[in-house]
Amino acid sequence: MTIDSSVKKNWIDVQKKHDVPVNAIGVKISPKDEKTLKVWKEEGIDQFVKK
């Protein structure tokens, strides 16, 4: 499953501001939300976590 490039770009920008996994609107992703975490990793958003 791929997401729209504009959504991905926005999600990356939002993720760069947080040190925990967040969705595209900046809300922390629950560890129980396996579907969102799977997309988060598949799309490479996990590389942009603030360190």
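Read on for an overview of the structure. All values derive from a computational prediction rather than experimental measurement.

### Describing the nonpolar core
Link 1 in the chain: Ranked by size, the top nonpolar core spans nine residues in total: Trp 11, Ile 12, Ala 24, Ile 29, Leu 37, Val 39, Trp 40, Ile 45 and Val 49.
Link 2 in the chain: Contributing elements (two or more residues each) for this core: helix H1 (5–15) and helix H2 (34–42).
Link 3 in the chain: Considering every element that reaches this core, the biggest residue donor is H2, with three residues.

### Notes on the environment of Val 14
Link 1 in the chain: The residue Val 14 is located in helix H1 in this model.
Link 2 in the chain: Sequence separation of Val 14 and Val 49 is 35 residues, and the distance between their C-alpha atoms is 9.4 Å.
Link 3 in the chain: Residues contacting Val 14, with those up to four places away along its chain left out, are Val 22, Asn 23, Ala 24, Ile 25 and Gly 26.

Rules and cut-offs
Residues numbered from 1 in each chain as written. Predicted model: local features only at pLDDT ≥ 70, side-chain atom pairs only at ≥ 80, totals over all residues. Heavy atoms only, no water. Core = buried A, V, L, I, M, F, W, Y, C linked by side-chain atoms within 4.5 Å. Buried < 20%, exposed > 50% of the residue type's maximum accessible area, 1.4 Å probe, protein only. Helix = DSSP H or I, 4+ residues; strand = E, 2+ residues; numbered from the N terminus. Contact = heavy atoms within 4.5 Å.

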